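What follows is each chain in one-letter form.
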Amino acid sequence: MLQDADRTRILAISPHLDDAVLSVGASLAQAARDGGKVTVFTVFAGSAAPPYSPAAERFHARWGLSPTEDAPLRRRNEDIAALDHLGADHRHGRFPDAIYRKSPDGQWLLHHDGGSAVRQQSPVNNHDLASAIRHDIESVIAECEPTLLLTCVAIGNHPDHMVTRDATLLTAGGRGIPLRLWQDLPYAVYSSNMAELPSGLQLGSPDLSFVQEEARARKFQAMKHYATQLSVLDGPNKNLFARLEEHARSASPDGGYNETTWPVIRHADQ
Ligand SMILES: [Zn+2]
């Protein structure tokens, strides 16, 4: 994925505070170690004013926080520590996570289904949000001048992942900046569901980016900084770290640790 690493400037557009590290943290660590400049811009990193949705309050409880605590502030600090461990810079977007948002009809966007998952409750009017996200992505691109853009492929169909992916694709569209989509982890361990790409775009062949053991280890160490999220993702019997290892190594003939990304093919290119 990362040739000429000393001239590489990677900008990873992450939906939430942890997605980039979980999905491509080893590749980012290796790029930084090889002399590249790595920045992770997390779109849904903003704080929200209470009152919070029942879903948000239940997540706060599972994360070990009080119902009305400024969880995004806590999570931003986790992210700074995690990215620092990878040798990457951080930028934190202003948008609140879906658990804090309402749909135009005034209902909470997500509700808690009693288990660990959230389900979309009402239609998402993404137009204004997508425009605002594109505006902010353009600003970060202008600042970082990336030679490679990364974002998620949106496996699992989370609305925040889908809008981040599509905003990044549309922003990158006319700029000629190479772009790759990462396999969303840990969600891809359990699911292959993903929404179609915007019209005129399709995935190219998957690329398994193999990393050195040191980069794999650095990723796993960085993940441990996301303590609030690990309380859910690595809960009882989940064995998150072992599952990520097994998932990566089972995709590779010789069992090396790797992270999967896809290029995006534009139909007009063909
Ligand atoms: Zn996410």
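Residues numbered from 1 in each chain as written. Predicted model: local features only at pLDDT ≥ 70, side-chain atom pairs only at ≥ 80, totals over all residues. Heavy atoms only, no water.

Asks: Describe the coordination of the zinc ion, listing the residues and the values that go with them.
Replies: Here the zinc ion is held by H16 (ND1), D19 (OD), D19 (OD) and H161 (NE2), and the distances to it run 2.1 to 2.6 Å. Coordination geometry of the zinc ion: the four donor atoms subtend angles of 54 to 145° at the metal centre, consistent with an arrangement described as irregular. What makes D19 buried here is its relative accessible area of 2%. (Donors = N, O, S within 2.8 Å, 3.2 Å for Na, K, Ca; no water. Tetrahedral: all angles 85-135°; square planar, octahedral: opposite > 155°, others 65-115°. Buried < 20%, exposed > 50% of the residue type's maximum accessible area, 1.4 Å probe, protein only.)

Asks: Would you mind going over the nonpolar core in detail, with residue names and values included?
Replies: Residues L28 and I133 are the most contacted members of the largest nonpolar core, which totals 63 residues. The element contributing the most residues to this core is helix α1 (residues 19-33), with nine residues. Ranked by size, the runner-up nonpolar core spans 13 residues in total, among them Y52, F59, L65 and A98. (Core = buried A, V, L, I, M, F, W, Y, C linked by side-chain atoms within 4.5 Å. Helix = DSSP H or I, 4+ residues; strand = E, 2+ residues; numbered from the N terminus.)

Asks: Would you mind going over the packing of aromatic side chains in detail, with residue names and values included?
Replies: Counted according to the given criterion, the structure contains five aromatic pairs. By way of ring pairs, the aromatic residues F220, F241 and Y257 are connected into one cluster. Above the face of the W63 ring, R75 is positioned so that its terminal group lies 5.0 Å from the ring centre. The residue whose ring lies beneath R216 is F220, and the NZ or CZ to ring-centre distance is 4.7 Å. (Phe/Tyr/Trp six-rings, centres within 6.5 Å; stacked < 30°, edge-to-face > 60°. Lys NZ or Arg CZ within 6 Å of the ring centre and 35° of its normal.)

Asks: Pulling in residues and values, what's your account of the packing of α1 against helix α7 (residues 213-223)?
Replies: Close contact between α1 and α7 brings their axes to 8 Å; oriented N to C, the two are set at 125°. Relative to α7, α1 is oriented oblique. As α1 runs across α7, the sense of the crossing is right-handed. Each of V21, L22, S23, G25, A26, A29, Q30 and R33 in α1 lies in contact with α7, whose residues at this interface are E214, A215, R216, R218, K219, A222 and M223. Its residues assigned to classes, the contact of α1 with α7 comprises seven nonpolar, three polar and five charged. (Axes fitted to C-alpha atoms, helices over the stretch in contact; angles between N-to-C directions. Parallel < 35°, antiparallel > 145°, perpendicular 65-115°, else oblique. Left-handed = near helix turned anticlockwise from the far one by under 90°. Contact = heavy atoms within 4.5 Å. Nonpolar A, V, L, I, M, F, W, Y, C, P; charged D, E, K, R; others polar.)

Asks: Which residues make up unusual backbone geometry, and what values do they have?
Replies: It is generally the case that most residues other than glycine have a negative phi and that most peptide bonds are trans. Geometrically, the link from P50 to P51 is a cis peptide bond, its omega value of 5° lying close to zero. Along the polypeptide, P51 turns up in the loop between β2 (37-42) and α2 (54-62). In the segment running from L185 into P186, the intervening peptide bond is cis, with an omega of 5°. One can find P186 in the loop between β7 (179-182) and α6 (187-190). Positive phi is not limited to glycine here, since N237 has a value of about 65°. By secondary structure assignment, the location of N237 is in the loop between α8 (227-233) and α9 (240-250).

Asks: Before we move on, can you summarise the pattern of salt bridges with the specific residues and values?
Replies: Taken as a whole and assessed by the stated rule, the structure comprises 15 salt bridges. A salt bridge links K219 to E259; its shortest N-O distance comes to 2.8 Å. Note that K219 is positioned in helix α7 and E259 in strand β10 (residues 258-266), a separation of 40 residues in sequence. The two residues K219 and E259 agree in class, both being buried. Three or more residues are tied together by salt bridges with common partners; here these are E213, R216, E245 and R249. (Salt bridge = Lys/Arg side-chain N within 4 Å of Asp/Glu carboxyl O.)

Asks: Which residues make up the environment of C144, and what values go with them?
Replies: Note that C144 resides in helix α4 (residues 127-144). Residue C144 is classed as buried on the basis of its relative accessible area of 13%. In this structure, the C-alpha to C-alpha distance between C144 and K37, residues 107 residues apart in sequence, is 9.0 Å. Ignoring sequence-local partners within four residues, the contact set of C144 consists of R9, L11 and T39.

Asks: For the pairing of β2, give the residues involved together with the corresponding values.
Replies: Buried residues dominate β2, accounting for five of its six residues. As paired strands, strand β1 (residues 9-14) and β2 are joined by six bridges and run parallel to one another. The partner of R9 across the bridge, within β2, is K37. The parallel pair β1 and β2, bridged by α1, forms a crossover whose chirality is right-handed. Both β2 and strand β3 (residues 89-92) contribute to a ladder of four bridges, which runs parallel. Of the residues in β3, the one forming a bridge with F41 is R91. (Pairing = 2+ DSSP bridges. Right-handed = clockwise from strand over helix to strand, strands pointing away.)

Asks: Requested: an account of the state of the cysteines, with residues and values cited.
Replies: Enumeration according to the criterion identifies zero disulfides in this entry. This cysteine, C144, is not joined by any disulfide, and C152 carries the nearest cysteine sulfur, 18 Å off. (Disulfide = S-S within 2.5 Å.)

Honestly, that's just the spatial picture; any functional story needs more than this.
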